[in-house]
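# Chains, contacts and geometry: an overview
If you want the building blocks of each chain, they are given just below.
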Amino acid sequence: MLDHYRALFKRHQWLTDGACWTVVQPFDDEMTPDDLLWRMNGGRDPEELTVDHPMELALNEDLTLLFVFEGDGGYGFLECTYGDPPSDELLRTLSEDARVWTTSWQVNGTSTIRCAAGGRIQASIWNYVLGERIDEEPAPDVFADFHVMLDALDREDFDGRRATALAFIEAATGVGIEIDWLDGEQTTVTVLDNPVS
């Protein structure tokens, strides 16, 4: 799985500048990606576009685009224009009736990985890409395996550290990023009114 995400960064190098990957595992089988996108867009229906080369559009038009993925019992949302992590409020809202895993990094070197469930943030780590890890929430066992995975990497292996966060979340949720979906012709993306925050 780690090799898959290393290949992702090799093929789409722009992802290393900034991205936010959020996976929601609903407790209610009736919750849909549209319900979650409505929450992410501040209670408004977002716009869906089918375009060629969506990242060119996002960068040229300064748009917040989400690629939507579906896996076993969960939905993944990749925002790769800004790399802003979800705000505490949004994380609590998304996790009211779900478990949410999210990781993000930005060109300035900041990075986060967080977990929330039942409307409560359970655990957070900041600055894992640059090597300084700070557990801020009261459930450090949530990220025990993530720490083990990071400790196996060189501290200067920044792509490896990003790849580890994505692999950890996929292992926990069964939802991953499909490399081929990120660029090409007739790709469907969701446009949010505001950056994910």
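Our structure is the block above this text.
Description of the structure in this document. The residue numbering used here restarts from 1 in each chain and proceeds along that chain's sequence as written. Selection of residues for local features in this predicted model requires a pLDDT of at least 70, selection of side-chain atom pairs for listing and counting requires 80 or more, and totals for whole chains, interfaces and linings are taken over all residues. Values shown for side chains rest on all heavy atoms present in the structure; no hydrogens or waters enter the calculation.

As a further point, take unusual backbone geometry. Phi is positive for N127, which is not a glycine, with a value near 65°. Tracing the chain through its elements places N127 in the loop between strand 7 (120-126) and strand 8 (134-135). Numbering of helices and strands starts at the N terminus; helices are DSSP runs of H or I of at least 4 residues and strands are runs of E of at least 2.

Every buried residue of helix 3 (residues 54-61) is accounted for by P54, M55 and A58. Along the axis of helix 3, the buried residues cluster in a sector spanning 100°; they form a single face. Relative to its buried face, helix 3 has exposed residues pointing more than 90 degrees away, namely N60 and E61. Contacts are residue-level and defined by heavy atoms, with any inter-residue pair within 4.5 Å sufficient. Those residues of helix 3 hidden inside the fold are in contact with strand 2 (47-51), strand 3 (64-71) and strand 9 (187-192). Backbone geometry just downstream of helix 3 places D62 in the positive-phi region, at approximately 55°. Burial classification: accessible surface area is computed with a 1.4 Å probe over protein chains only, and a residue below 20% of its type maximum counts as buried, one above 50% as exposed, and the rest as partly exposed. What the arc measures is the spread of directions leading from the helix axis to the C-beta atoms.

Here the focus is the packing of helix 5 (residues 144-151) against helix 6 (residues 158-173). At a minimum axis distance of 10 Å, the contact between helix 5 and helix 6 shows a crossing angle of 150°. Between helix 5 and helix 6, the angle is such that the two are roughly antiparallel. Helix-helix and strand crossings are classified by hand; for helix 5 and helix 6 the assignment is right-handed. Facing D145, F146, M149 and L150 of helix 5, the residues of helix 6 in contact are R161, T164, A165, A167 and F168. Here an angle of 0 to 180 degrees is reported between the N-to-C directions of two axes, which are lines fitted to C-alpha atoms, with helices fitted over the stretch in contact. These descriptions rest on fixed angle ranges, namely under 35 degrees for roughly parallel, over 145 for roughly antiparallel, 65 to 115 for roughly perpendicular, and the rest for oblique. By definition, turning the near helix anticlockwise from the far helix through less than a right angle yields a left-handed crossing, and turning it clockwise yields a right-handed one.

Looking now at the pattern of salt bridges. We define a salt bridge as a contact between a side-chain nitrogen of Lys or Arg and a carboxyl oxygen of Asp or Glu at a distance within 4 Å. On inspection of all chains with the given rule, the structure shows six salt bridges. Residue R11 pairs with D180 through a salt bridge whose shortest N-O separation is 2.7 Å. With R11 in helix 1 (residues 2-11) and D180 in the loop between helix 6 and strand 9, this pair connects stretches of sequence that are 169 residues apart. Residue D180 is classed as exposed on the basis of its relative accessible area of 55%. Taking the shortest distance from any N to any O, the salt bridge between R39 and D97 comes out at 3.3 Å. With R39 in helix 2 (residues 33-40) and D97 in the loop between helix 4 (88-94) and strand 5 (98-105), this pair connects stretches of sequence that are 58 residues apart.

The patch calculation keeps residues exceeding 30% relative accessible area without a salt bridge and links them within 9 Å when they carry like charges or within 5 Å when they are nonpolar (Val, Leu, Ile, Met, Phe, Trp, Tyr). In this description, accessible areas are obtained by the Shrake-Rupley approach with a 1.4 Å probe, and a residue is regarded as covered only by the protein chains that are shown. Charge assignment: positive for Lys and Arg, negative for Asp and Glu; neither His nor the chain ends contribute. To locate a charge, take atom NZ for lysine, CZ for arginine, CG for aspartate or CD for glutamate. Judged by side-chain charge, D28, D29, E30, D34, D35, D45 and E48 come together as a negatively charged surface patch. Position of D45 relative to the elements: it lies in the loop between helix 2 and strand 2.

Looking at the element boundaries, Q122 is found in strand 7. Residue classification places Q122 among the buried residues on the basis of a relative accessible area of 16%. Counting along the chain gives 22 residues from Q122 to V100, while the straight-line C-alpha distance between them is 9.8 Å. Within 3.5 Å is the distance limit for a polar contact, defined as a pair of N or O atoms, with the added protein rule that one can donate a hydrogen and the other accept it, and that residues adjacent in sequence qualify only through two side-chain atoms. Side chain to side chain, Q122 and R99 meet in a polar contact 2.8 Å long.

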